[in-house]
Amino acid sequence: MNNRMADHTLLNAVAQQGPASADSEPWVPWIAVSIWAVLLAVAAILITGWISRRHCKESVAGSMTEVSPIPERKRDLAASSEWWTRTQWALEATVSENEMKNIYGLILLSALAKSKEADFREKSMLDAVWKGACTGMQDDAIDQLIGEARRLNILSEAPKPSPLNGNAKDKPESTPESAETPLNSSDAERRGQVLSALRYDILAARLKMDLDQELGRATSLRVKLLSELEFSPLGQ
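Since we're looking at a predicted model, the values are computed, not measured. (Residues numbered from 1 in each chain as written. Predicted model: local features only at pLDDT ≥ 70, side-chain atom pairs only at ≥ 80, totals over all residues. Heavy atoms only, no water.)

A. Seen up close, the nonpolar core. Core analysis: the biggest nonpolar cluster contains 35 residues, and L109, M137, I154, L198, L226 and L229 have the highest contact counts within it. For this core, the secondary-structure elements that each account for two or more residues are α3 (70-94), α4 (99-113), α6 (127-131), α7 (139-151), α8 (185-215) and α9 (221-228). Considering each element in turn, this core owes the most residues, eleven residues, to α8. Excluding anything up to four places from it in sequence, L198 contacts L145, A149, I154, L155, L226 and L229. (Core = buried A, V, L, I, M, F, W, Y, C linked by side-chain atoms within 4.5 Å. Buried < 20%, exposed > 50% of the residue type's maximum accessible area, 1.4 Å probe, protein only. Helix = DSSP H or I, 4+ residues; strand = E, 2+ residues; numbered from the N terminus. Contact = heavy atoms within 4.5 Å.)

B. Representation of unusual backbone geometry. The backbone of M137 sits at a positive phi, close to 60°, despite the residue not being glycine. You can see M137 is positioned in the loop between α6 and α7. Look at M137 and you get buried, because its relative accessible area is 6%.

C. How the structure looks around the packing of aromatic side chains. Per the stated rule, a full pass over the model turns up one aromatic pair. Plain terms: the ring middles of W83 and W84 are 5.1 Å apart, the flat faces sit at 90° to each other, and that makes the pair edge-to-face. Residue class for W83 comes out buried when judged on its relative accessible area of 3%. For W84, a relative accessible area of 33% corresponds to the partly exposed category. Over the ring of W130 we find K208; its NZ or CZ atom is 4.8 Å from the centre of that ring. (Phe/Tyr/Trp six-rings, centres within 6.5 Å; stacked < 30°, edge-to-face > 60°. Lys NZ or Arg CZ within 6 Å of the ring centre and 35° of its normal.)

D. Quick look at the pattern of salt bridges. Under the definition given, this model contains ten salt bridges. Note that E82 is salt-bridged to R86, the shortest N-O span being 3.1 Å. One end of the pair is E82 and the other is R86, both in helix α3 and four residues apart, which spans about a single turn. Judged by relative accessible area, which is 45%, R86 ranks as partly exposed. The partner of E99 in a salt bridge is R199, and the shortest N-O contact between them spans 3.0 Å. Of this pair, E99 sits in helix α4 while R199 is found in helix α8, placing the two residues 100 residues apart along the sequence. Overall, E99 belongs to the partly exposed group, its relative accessible area being 24%. (Salt bridge = Lys/Arg side-chain N within 4 Å of Asp/Glu carboxyl O.)

E. Quick peek at the environment of D187. Within the element layout of this structure, D187 appears in helix α8. It is 9.6 Å that separates the C-alpha atoms of D187 and R151, two residues lying 36 residues apart in sequence.

Structure representation (structure tokens):
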């Protein structure tokens, strides 16, 4: 009997202490709230990341359809590099002490000036070549060079009248072979210098004409006249 009364008393004491202990720890509900907040934040991050990756993939796919195919771009870069390699060799040849290399360099530059692998700016750089010619492609200097070449029997006759070089009365008349004046030693030496300059300037005039056509510029009549002249092979 006494034992049952003691157990009953103990149960009443535990029942009274239960609510009191829960009230003494108010942070317990906040743990559950914090856990739910963390779970919601993680879910939001995952959803945002998925949306961002999807948007990035769509943007990249759209960009790839707008640009040219990669093989085509690589081919263009290779062609441009090849153009610059050939141009570099030709430019070095035009300033070589070897006259044959000068001729080859100028001929190659004329071909490169008409290439589709170079743009406007790159072709404009080739102007420095014809500007460095003996005449500088100036009308007065061209007339002087042609006149001296004719005096030294390099050009046996005056250029024929044409829409490029004006009227016949504006040009010196042809010099008959019987009336040619024999050259002295100083004239013979000068003849070689003028002949070399004439060869270079004829090719430079052709280069200028090609560049003018490619770049949409006008070409003077004297430059056209000079470009039409034929130069004698080396050794003559």
